[in-house]
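Residues per chain, in single letters:
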Amino acid sequence: MPSSYQAPSQKDKKQVSTHSQTPETNIKKEAATVRKVLDQKGSDVFALRPQNTLHEAVELLRDKRIGALIVKDAEGNLQGILSERDIVRKLADTPGQTLAQRVEDVMTVNVEVCAPDDPLISVLRRMTEGRFRHMPVVEDGSLAGMVTIGDVVNYRLTELEYEALQLKQLIVG
Ligand code: AMP
């Protein structure tokens, strides 16, 4: 055996890759926030007053093609949220007498809200755990938009598709 021969050691096996070669560093980005979704969908929030009727609520839900409404008082303070699910429940409880009822008697009062800088993943988790699909966004004490579970899932799917493409390009070149 030539004297220069050295048996392979653990050190030789260790793969050393530069920072830019790891998929993580190529793909990992800042966690997306609620603001990203609002940038795409805008800050429109459709609201009613507590004294409005469910009839007015279903018309607004139909016209705007949405699933939930914010309930605000005359000063603009958040009073509750009314979703199609609340109305369906009421229709079953009070058949034939539902549409004349007032929004304040049917809405959910304890509204969970998020902030524009909240990570989307935490909002998704809160909606999944709380079993609701709408999250009003509040910034500096006023409403800045509404995100739905569909918005968050869509955003994440697009992100995943992009990440998969990046990975493919990394492998195939
Ligand atoms: P949804 O799945 O959003 O249609 O709502 C299901 C139930 O949760 C309904 O009773 C809603 O009033 C209520 N709800 C919806 N969004 C929220 C929220 N952000 N905070 C608290 N309750 C909510």
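Cut-offs applied
Residues numbered from 1 in each chain as written. Predicted model: local features only at pLDDT ≥ 70, side-chain atom pairs only at ≥ 80, totals over all residues. Heavy atoms only, no water. Salt bridge = Lys/Arg side-chain N within 4 Å of Asp/Glu carboxyl O. Helix = DSSP H or I, 4+ residues; strand = E, 2+ residues; numbered from the N terminus. Near = heavy atom within 4 Å. Polar contact = N/O pair within 3.5 Å; in protein donor to acceptor, adjacent residues only side chain to side chain. Areas by Shrake-Rupley, 256 points an atom, 1.4 Å probe, with all protein chains shown as cover. Pairing = 2+ DSSP bridges. Core = buried A, V, L, I, M, F, W, Y, C linked by side-chain atoms within 4.5 Å. Buried < 20%, exposed > 50% of the residue type's maximum accessible area, 1.4 Å probe, protein only. Contact = heavy atoms within 4.5 Å.

In the nomenclature of an unreviewed UniProt entry, the protein corresponds to CBS domain-containing protein from the organism Roseibium aggregatum.

Draft legend 1. View of the pattern of salt bridges. Taken as a whole and judged by the stated rule, the model has 10 salt bridges. Salt-bridge contacts for R35 lead to D117; the nearest nitrogen and oxygen are separated by 2.9 Å. Here R35 is found in helix α3 (residues 34-41), whereas its partner D117 is found in the loop between α5 (84-93) and α6 (120-130), with 82 residues between them in sequence. R35 is paired through a salt bridge with E139; the nearest N and O atoms lie 3.5 Å apart. One end of the pair, R35, is in helix α3; the other, E139, is in strand β4 (residues 134-139), and 104 residues separate them in sequence.

Draft legend 2. Just the site of the ligand, in detail. Around the ligand, the surrounding shell holds 13 residues, and the nearest of these are S83, D86, T108, R133 and H134. For the ligand, an oxygen atom lies 2.7 Å from a polar atom in the side chain of R133. H134 places a side-chain nitrogen or oxygen 2.6 Å from an oxygen atom of the ligand. Compared with its free state, where it exposes 480 Å², the ligand has 92% of that area covered by protein. Of all the secondary structure elements, the ones that give two or more residues to the shell around the ligand are β3 (78-83), α5 and β4.

Draft legend 3. Layout of the pairing of β3. In this structure, strand β2 (residues 68-72) lies alongside β3, joined through 5 bridges in antiparallel fashion. Note that in β3 the partner of K72 across the bridge is L78. Hairpin geometry of β2 and β3 is characterised by an intervening segment of 5 residues between the two adjacent antiparallel strands and by a positive phi of about 90° at G76.

Draft legend 4. Spotlight on the nonpolar core. Counting 14 residues, the largest nonpolar core has V34, C114, L120, V123, M135, V137 and V147 as the members making the most contacts within it. Counting only elements with at least two residues in this core, the list comes to α3, α6, β4, β5 (142-148) and α7 (149-172).

Draft legend 5. Looking closely at the side chain of T98. Residue position: T98 is located in the loop between α5 and α6. Classification of T98 by relative accessible area gives buried; the value is 2%. At a separation of 3.3 Å, a polar atom in the side chain of T98 contacts the main-chain carbonyl oxygen of K90. The contact partners of T98, leaving out residues within four places of it in the chain, are L54, I87, K90 and L91.

Draft legend 6. Region of the structure containing the sheet that holds β3. With respect to topology, 3 strands assemble into an open sheet ordered β1-β2-β3, the strand pairing being mixed. Looking at the sheet topology across the chains shown, the edges are occupied by β1 (47-48) and β3.

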